[in-house]
Amino acid sequence: MNIIVVGPPGAGKGTQSKVITKEFNIPHVSTGDLLRDEVKKGTELGNTIKNLMNSGGLVSDEQVTELLVNRMKEDDCKNGILLDGYPRTIEQAKSLDTILSKIDKVVVIEIEDEKIVDRMSGRRTCPSCQKLYHMTNQPPKNGELCDDCNIELNQRADDNPETVKNRLVKYHQVTSPIIDFYKERGIVFSVYGDGDIKEISSKIIKAIKE
Ligand code: AMP
């Protein structure tokens with residue numbers, strides 16, 4: 001089973017991807033996580049892309065695709081994959097056709113731009129277990145500490161309002177056209193992303209099973 005999750009920044013792709021991967025027992029591959037890992041490790045690629053990512057720009061198709069192809073060589077990807085944040089351009093969508101033999105479903109999570117900046121400012125992640133929180137919608141039990149690891153949560157460097165606006169522009173200009181690219185194949189399922197997280201998850205899971 002190969003699934004792609006598409007949506008503007010802050011639509012809930014990460015949260016819903018975690019639910020879907022658990023249900024279908026496939027790995028969650030986020031190109032954003034792969035790239036952040038390169039930055040954290042201070043690799044040559046990481047050092048080149050750090051400022052670009054912090055300002056909300058897109059990393060080059062070649063660099064992201066190479067990183068993804070390497071990740072997909074790992075054993076856990078043999079029986080399927082959930083892609084979160086890839087493809088983000090038509091060029092990447094074309095590359096993906098040469099990498100995957102079949103794409104089963106493209107899940108599009110929709111939300112109005114006006115709601116996004118607010119949602120993003122409350123977003124936090126545990127630097128250890130990567131659990132996602134939102135200070136209003138899904139707050140940790142104790143201050144800004146992870147419920148499971150009891151360590152201070154992080155805010156992503158690119159979740160500030162200015163960068164979020166740039167990321168939204170990129171989403172509308174270069175990423176959203178991939179939805180029509182996949183619509184022609186009849187594999188797109190769109191869901192409204194502002195509402196009860198569990199209700200949204202069940203709609204997505206039902207659509208994937210159909
Ligand atoms: P995300 O975690 O998906 O929001 O991605 C965070 C940042 O990583 C994006 O704003 C881009 O700078 C970069 N990025 C992630 N995936 C891609 C991709 N498929 N193509 C280009 N840049 C990407």
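Residues numbered from 1 in each chain as written. Predicted model: local features only at pLDDT ≥ 70, side-chain atom pairs only at ≥ 80, totals over all residues. Heavy atoms only, no water.

## Let's talk about the pairing of strand 4 (residues 105-110)
Heads up, the condition is: Each residue is placed in one exposure class: buried if its accessible area under a 1.4 Å probe, protein chains only, is under 20% of its type's maximum, exposed if it is over 50%, and partly exposed if it falls in between. Strands are runs of DSSP state E lasting at least 2 residues, helices are runs of H or I lasting at least 4, and numbering of each runs from the N terminus. By the convention used here, strands pair only if DSSP detects at least 2 bridges between them.
Burial analysis of strand 4 places five of its six residues in the buried class, which makes it a mostly covered element. Both strand 4 and strand 7 (residues 188-192) contribute to a ladder of five bridges, which runs parallel. If you follow E110 over to strand 7, its bridge partner there is Y192.

## Observations regarding the site of the ligand
This is how the line gets drawn: The rule for a residue being near a molecule or strand is that one of its heavy atoms must lie within 4 Å of it. Pairing of N or O atoms within 3.5 Å defines a polar contact, subject to two protein rules: one partner must be a possible hydrogen donor and the other a possible acceptor, and residues neighboring in sequence count only if both atoms are side-chain atoms. Accessible surface area values rest on a Shrake-Rupley calculation with a 1.4 Å probe, where residue burial reflects the displayed protein chains alone.
Surrounding the ligand, one finds 16 residues, the nearest of these being T31, G57, G85, R88 and Q92. A distance of 3.0 Å is found between an oxygen atom of the ligand and a side-chain nitrogen or oxygen belonging to R36. Within the side chain of R167, one N or O atom sits 3.0 Å away from an oxygen atom of the ligand. Isolated, the ligand exposes 470 Å² of accessible area, and the fraction of that covered by the protein chains is 97%. Counting residues per element, the shell around the ligand draws most heavily on helix 2 (residues 31-41), at four residues.

## Observations concerning the packing of helix 6 (residues 113-121) against helix 7 (residues 161-175)
Here is the rule: To obtain each axis, a line is fitted to C-alpha atoms, and for helices this fit is confined to the stretch in contact; angles are then taken between N-to-C directions over 0 to 180 degrees. Angles below 35 degrees are treated as roughly parallel, those above 145 as roughly antiparallel, those between 65 and 115 as roughly perpendicular, and all remaining angles as oblique. Less than a right angle of anticlockwise turn of the near helix away from the far helix marks a crossing as left-handed, whereas a clockwise turn marks it as right-handed. Contacts: residue pairs with any heavy atoms within 4.5 Å of one another.
One way to put it is that helix 6 packs onto helix 7 with a least axis distance of 10 Å and a crossing angle of 140°. Here helix 6 lies oblique to helix 7, going by the angle between them. Of the two elements, helix 6 crosses helix 7, and the hand of that crossing is right-handed. Across from D113, I116, V117 and M120 in helix 6, the residues of helix 7 making contact are P161, V164, R167, L168 and H172.

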